[in-house]
Amino acid sequence: MKLNVFDESWKQNRVTEYEADPLNPEKALGYVLVYLSDSLEIENRIENEHIFCPDFNMSLIPRIGRITEKNIILNFALYAPQWGRELFESSIGVADSPKQAVSVAVDSFLFTFVNAVSKMEAEGEKGANENIATIFAGKTRNWNVYFSDVAATGDAPDADADIYWDKLKKPIIKRLGNQKICYVKIYVAKAGGKISAECRIDSILCEELCVIVAKMAEQWAVNTFASHQMFFCIRQDDSTVTEYPYFCPEGKAKLKSKVKTAVDMIFEESANVSGDSLLPKIKEKIGDGTLAAECLYFLPEICAEHAFSQVKHADTISIAIGERKEKTYYKVQIADYWQLHHALFELFNEGAFGKNTNEIYKTFVDKSAIKNAIMQLEGKKTTMKNISMSPLTFRFDEDFTVR
């Protein structure tokens, strides 16, 4: 749909259509786009079902997750070529009407997540709240950190982002790998003495960070309800980024295609070929020795983590290359780990494996060390939610590269 930039009456038409049918997801999305566009404090335009911000070369895509009379869940994806990836966030709005709920959800998203992203893109290195350095895969990495504002509700105390950064800095730094950009979400709430905390690094829940912010909220004097939400955007300096073959949408599509090929090969030959003899065939077929080994050894564990989701899985793995001593890495540091997870389950959801989908999933779970460990606990007086898995160790050939 092409829009006349000189005639914005279509915006009012979208609002009118929405007000006549506020629980219609299509009409609600039209209103969200208009409200979001008008609320953004940077130049933007609506293009089909997304918003483009030319100054940042950034696209913002909202989607309706759920909508009722008094609440809405909005899912947002942000993409800019310079990031090499999409960023995701969900925002909840609760109010007395659907229209007010949209305002709450969008305003929260803008005040926190978009606030941090805008600082990063508009101000660059000079506008960073802090500069840090890490070492990953034998190379020093330089990073700029940008704080969002802190969105406080209810009885929550006033707070600056520095308070959270001071407490979380060390565990966050330990989890940085070779990302071009990393983002950290912090949400903590307290009501009636009950505390809930959600801390995510690149959308992955991090229990250690959750515990830290939950302890911070223990000190709040709250009569009814209180919450804080904020973000850190952490961007690696271009001069220290190691080029990754699956950056950007084109790279993601290439990775997905290679995962499909590897999974088909593993499934077809799993009954009569050992992993050691299958690995060279996968390497030759997909042309990436590291990815071939990760598909063969990571994917069964990824499926098992999904199958046994009530179990507390370790957020680290140990990797030994050749005869060298093993090293421990956080899963969020390993570029391919969660990329493999997303690629595999997208393929499952798309029906890429046809009638073999369920059998492939079961085959991979059965091959996993996680299932083997859990089955050894059968008959003992324990429940899934009380099981904590130890970090898994993987041994790879000398041509394997941690990336």
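Residues numbered from 1 in each chain as written. Predicted model: local features only at pLDDT ≥ 70, side-chain atom pairs only at ≥ 80, totals over all residues. Heavy atoms only, no water.

A. Main features of the sheet that holds strand β1 (residues 45-47). Read across the sheet, five strands follow the order β1-β2-β3-β4-β5 without closing on themselves; strand pairing throughout is antiparallel. Each having just a single partner strand, β1 and β5 (85-94) make up the two edges of the open sheet. Taking the axes of each pair of neighbouring strands and ignoring which way they run, one obtains an average angle of 30° across the sheet. In this fold helix α2 (residues 25-39) packs onto β1, β2 (50-53), β3 (58-67) and β4 (71-80), with an angle of close to 140° to the strand it touches most, β3. (Pairing = 2+ DSSP bridges. Helix = DSSP H or I, 4+ residues; strand = E, 2+ residues; numbered from the N terminus. Axes fitted to C-alpha atoms, helices over the stretch in contact; angles between N-to-C directions. Contact = heavy atoms within 4.5 Å.)

B. Expanded view of the sheet that holds strand β15 (residues 392-396). Spatially, three strands are ordered β14-β13-β15 in an open sheet, and the strand pairing comes out mixed. Two strands in the sheet have a free side with no partner beyond their single neighbour: β14 (327-330) and β15. When the angles between neighbouring strand axes are averaged without regard to direction, this sheet yields 30°. Where strand β13 (residues 316-321) meets β14, four bridges bridge the pair, whose relative direction is antiparallel. Bridging across to β14, Ser318 finds its partner in Thr328. On the sheet, helix α8 (residues 289-307) packs against β13 and β15 and is oriented at approximately 165° with respect to β15.

C. Spotlight on unusual backbone geometry. The phi torsion at Asp202 lies on the positive side, around 50°, for a residue other than glycine. In the Ramachandran plot, Cys248 falls in the positive-phi region, its phi being about 70° despite a non-glycine side chain. Relative to the helices and strands, Cys248 is located in helix α6 (residues 248-269).

D. Here's a closer look at helix α1 (residues 9-20). End to end, α1 covers 17 Å across 12 residues, agreeing with the expected 16 Å (1.5 Å per residue, within 8%). Buried within α1 are the following residues: Trp10, Lys11, Arg14, Val15 and Tyr18. Along the axis of α1, the buried residues cluster in a sector spanning 145°; they form a single face. Contacts from the buried residues of α1 go to α2, β1 and α3 (98-123). (Expected span 1.5 Å × (residues − 1). Buried < 20%, exposed > 50% of the residue type's maximum accessible area, 1.4 Å probe, protein only. Arc of directions from axis to C-beta.)

E. Representation of the confidence of the model for the protein chain in the model. Of the residues in the protein chain, 96% reach a pLDDT of 70 or more, and the chain-wide mean stands at 94. The secondary-structure element of the protein chain with the lowest mean pLDDT is helix α7 (residues 275-286), recorded at 90, while strand β7 (residues 139-147) shows the highest, at 98. (pLDDT = per-residue confidence, 0-100.)

F. Main features of the pairing of β15. Of the two faces of β15, the one lined by Leu392, Phe394 and Phe396 is fully buried and the one lined by Thr393 and Arg395 carries no buried residue. As judged from the five bridges shared by β13 and β15, these two strands associate in the parallel manner. Across the sheet, Ile319 pairs through a bridge with Phe394, a residue of β15.

G. The nonpolar core, seen in detail. With 56 residues, the main nonpolar core has Val259, Ile282, Phe298, Leu299 and Ile319 as its most contacted residues. The element best represented in this core is α8, accounting for 10 residues. The residues touching Ile319, leaving out its near neighbours within four places in the chain, are Lys325, Glu326, Lys327, Tyr329, Ile334, Phe394, Phe396, Phe400 and Val402. Trp10, Leu74, Leu87 and Ala105 belong to the second-largest nonpolar core, a separate cluster that totals 44 residues. (Core = buried A, V, L, I, M, F, W, Y, C linked by side-chain atoms within 4.5 Å.)

H. Expanded view of the packing of α1 against α2. Close contact between α1 and α2 brings their axes to 8 Å; oriented N to C, the two are set at 135°. One element, α1, and the other, α2, form an angle in the oblique class. Crossing handedness for the pair α1 and α2: left-handed. Contact residues: Trp10, Lys11, Arg14, Val15, Glu17 and Tyr18 in α1; Lys27, Ala28, Gly30, Tyr31, Leu33, Val34, Ser37 and Asp38 in α2. Across the contact of α1 with α2, the residue classes tally to seven nonpolar, two polar and five charged. (Parallel < 35°, antiparallel > 145°, perpendicular 65-115°, else oblique. Left-handed = near helix turned anticlockwise from the far one by under 90°. Nonpolar A, V, L, I, M, F, W, Y, C, P; charged D, E, K, R; others polar.)

I. Broad picture of the environment of Tyr244. In this structure, Tyr244 sits in the loop between β12 (225-236) and α6. In this structure the C-alpha to C-alpha distance between Tyr244 and Gln179, which are 65 residues apart in sequence, comes to 9.0 Å. Not counting residues within four places of it along the chain, the set of residues in contact with Tyr244 comprises Ala335, Asp336, Gln339 and Arg403.

J. Region of interest: the packing of aromatic side chains. Applying the stated criterion across every chain yields a total of 23 aromatic pairs. Seen from their ring centres, Tyr31 and Tyr35 are 6.1 Å apart, and the 40° between their planes marks the pair as tilted. Separated by four residues within a single helix, Tyr31 and Tyr35 lie in helix α2, roughly one turn from each other. We note that Tyr31, like Tyr35, is buried. Between Phe147 and Phe232, the aromatic rings sit 5.2 Å apart at their centres with planes inclined by 65°, giving edge-to-face as the arrangement. Taken together, the positions of Phe147 in strand β7 and Phe232 in strand β12 put the pair 85 residues apart, joining distant regions of the chain. You can call Phe232 buried: its relative accessible area is 0%. Here a set of aromatic residues connected by ring pairs shows up, and it is made of Tyr297, Phe298, Tyr337, Trp338, Phe394, Phe396 and Phe400. Its guanidinium or amino end placed over the ring of Phe247, Lys180 lies 4.8 Å from that ring's centre, counting from NZ or CZ. (Phe/Tyr/Trp six-rings, centres within 6.5 Å; stacked < 30°, edge-to-face > 60°. Lys NZ or Arg CZ within 6 Å of the ring centre and 35° of its normal.)

K. Main features of the side chain of Ser37. By the element assignment, Ser37 lies in helix α2. Every residue in contact with Ser37, bar those within four places of it in the chain, is listed here: Lys11, Asn44, Ile46 and Ile51.

L. Broad picture of the side chain of Thr316. Structurally, Thr316 can be placed in strand β13. The exposure class of Thr316 is buried, given its relative accessible area of 12%.

M. The environment of Lys185, seen in detail. With respect to the helices and strands, Lys185 occurs in strand β9 (residues 181-191). Considered as a pair, Lys185 and Gln339 are 154 residues apart in the sequence and their alpha carbons are 19 Å apart. Beyond its immediate sequence surroundings of up to four residues, Lys185 is in contact with Glu89, Ser90, Glu198, Cys199, Arg200, Gln229, Met230 and Phe231. In this structure the side chain of Lys185 is engaged in a polar contact, spanning 3.3 Å, whose partner is the side chain of Glu89. (Polar contact = N/O pair within 3.5 Å; in protein donor to acceptor, adjacent residues only side chain to side chain.)

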